[in-house]
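Here's the letter readout for the chains.
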Amino acid sequence: ADIKLSQSITLEIDESMLTGESLTTEKNSAFVSNNEMPAGDRLDMAYAGTVVLSGRGQGEVIATGIQTEIGKIASDVTGNEDSQPPLMLRIHKFTMQITWAMLILILMIFAITIARGNDLSTVFLLSVALAVSAIPEGLPVAITIAL
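Residues numbered from 1 in each chain as written. Predicted model: local features only at pLDDT ≥ 70, side-chain atom pairs only at ≥ 80, totals over all residues. Heavy atoms only, no water.

If you check an unreviewed UniProt entry, the protein chain appears there as Calcium-transporting ATPase-like from Priapulus caudatus.

Put into structure tokens, the structure is as follows:
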């Protein structure tokens, strides 16, 4: 459970699992924090999953289970399986833009070559060749470097 401290006597807590800080945090029940502060800066809070190294403290439980800070992190990590990193979203968007541009260009060339009187098999092969050559093999690497 996450606890809002009402009393603390030389209370030191290892919050490294939650905040990544290697140093212990000395808690102070007189400190007044708000919810906009990062978890590591709230000196009047003790969090689930952290380890008391010395001292004593007393307080009121304000969150349990998935509502705790560690629970929120766990739900963020496991709850959204469809989310993708920004780089993948940009690559997908860029690929779709190239795809639509090439489809429009290929359809225009297809219509022009048919109107000029070329036979359907030659026009089809030309369209397939254009579609294959539109996207180079090194495009993913180039996009990664550019972004």
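Participant: Just to check I follow, could you spell out the overall build of the protein chain for this structure?
Facilitator: Of regular secondary structure, the protein chain possesses five helices and four strands. Ordering the α and β elements of the protein chain from the N terminus gives β-α-β-β-β-α-α-α-α. Relative to the 2.2 N^0.38 estimate, which gives 15 Å for 147 residues, the radius of gyration of the protein chain is 29 Å and therefore markedly larger than a compact globule would have. Judged by the C-alpha coordinates and their principal axes, the protein chain covers about 90 × 25 × 20 Å. Counting only residues that meet the buried cut, the protein chain has 20% of its 147 residues in that class. Contacts in the protein chain between residues at least 24 apart in sequence constitute 60% of all its contacts with a sequence separation of at least 6. In the form shown here, the protein chain has an accessible surface area of approximately 10,400 Å², with 62% of it arising from carbon and sulfur atoms. Each charge sign in the protein chain was given a centre, from 8 positive and 16 negative side chains, and these centres are 7 Å apart. (Helix = DSSP H or I, 4+ residues; strand = E, 2+ residues; numbered from the N terminus. Rg over C-alpha atoms; globule rule 2.2 N^0.38 Å. Buried < 20%, exposed > 50% of the residue type's maximum accessible area, 1.4 Å probe, protein only. Contact = heavy atoms within 4.5 Å. Areas by Shrake-Rupley, 256 points an atom, 1.4 Å probe, with all protein chains shown as cover. Lys, Arg positive; Asp, Glu negative; His and termini not counted. Charge placed at Lys NZ, Arg CZ, Asp CG, Glu CD.)

Participant: What should I look at first to understand the UniProt feature "transmembrane region" (unreviewed entry) in the protein chain in this one?
Facilitator: Summarizing the sequence annotation, UniProt attributes the feature "transmembrane region" (unreviewed entry) to residues 98-117 and 123-146 in the numbering used throughout. Split by type, residues 98-117 is 90% helix and 0% strand. Its first and last C-alpha atoms lie 29 Å apart. (UniProt positions renumbered as here; feature names shortened; annotations may be inferred.)

Participant: Just to check I follow, could you spell out helix α3 (residues 86-115) for this structure?
Facilitator: In an α-helix, one turn spans 3.6 residues; hence positions three or four apart end up facing the same way. In a regular helix each residue adds 1.5 Å, so 30 residues correspond to 44 Å; α3 covers 44 Å between its end C-alpha atoms and thus fits that length. Buried residues of α3: I91, I98, I106 and T113, and no others. Directly beyond the C-terminal end of α3, a positive phi value near 100° is found at G117. (Expected span 1.5 Å × (residues − 1).)

Participant: For this particular structure, what's the right way to read unusual backbone geometry?
Facilitator: Keep in mind that most residues, glycine aside, have a negative phi and that most peptide bonds are trans. Residue T10 is not a glycine yet carries a positive backbone phi of 40°. With respect to the helices and strands, the residue T10 is situated in strand β1 (residues 2-14). A relative accessible area of 57% places T10 in the exposed class.

Participant: Looking at this structure, how should I read the pattern of salt bridges?
Facilitator: It is possible for side chains of opposite charge to pair when their charged atoms get near one another. Evaluated as defined, the whole model comprises four salt bridges. Between D44 and K4 there is a salt bridge, with its nearest N and O atoms 2.2 Å apart. Here K4 lies in strand β1 and D44 lies in the loop between β2 (25-26) and β3 (45-46), a separation of 40 residues in the sequence. Exposure remark for K4: the relative accessible area of 31% places this residue in the partly exposed category. In this structure, the salt-bridge partner of E69 is R42, at a minimum N-O distance of 3.6 Å. Taken together, the positions of E69 in helix α2 (residues 69-79) and R42 in the loop between β2 and β3 put the pair 27 residues apart, joining distant regions of the chain. When sorted by exposure, E69 lands in the same class as R42, which is buried. If you follow the salt bridges from partner to partner, you end up with R42, E69 and K72 in one network. (Salt bridge = Lys/Arg side-chain N within 4 Å of Asp/Glu carboxyl O.)

Participant: Can you walk me through the layout of surface pockets in this structure?
Facilitator: Unoccupied space between atoms shows up once a probe the size of one water molecule is rolled over them. Here the largest pocket defines a volume of roughly 160 Å³. For the lining of the largest pocket, the secondary-structure elements that each account for two or more residues are β1, β4 (51-63) and α2. Residue composition of the lining of the largest pocket, by class: four nonpolar, four polar and five charged. (1 Å grid on protein atoms, 1.4 Å probe; cavity = no way out; pocket = protein on both sides within 12 Å on 5 of 7 lines; lining within 4 Å. Points joined across faces, edges and corners; volume = space filled by probe spheres on them. Nonpolar A, V, L, I, M, F, W, Y, C, P; charged D, E, K, R; others polar.)

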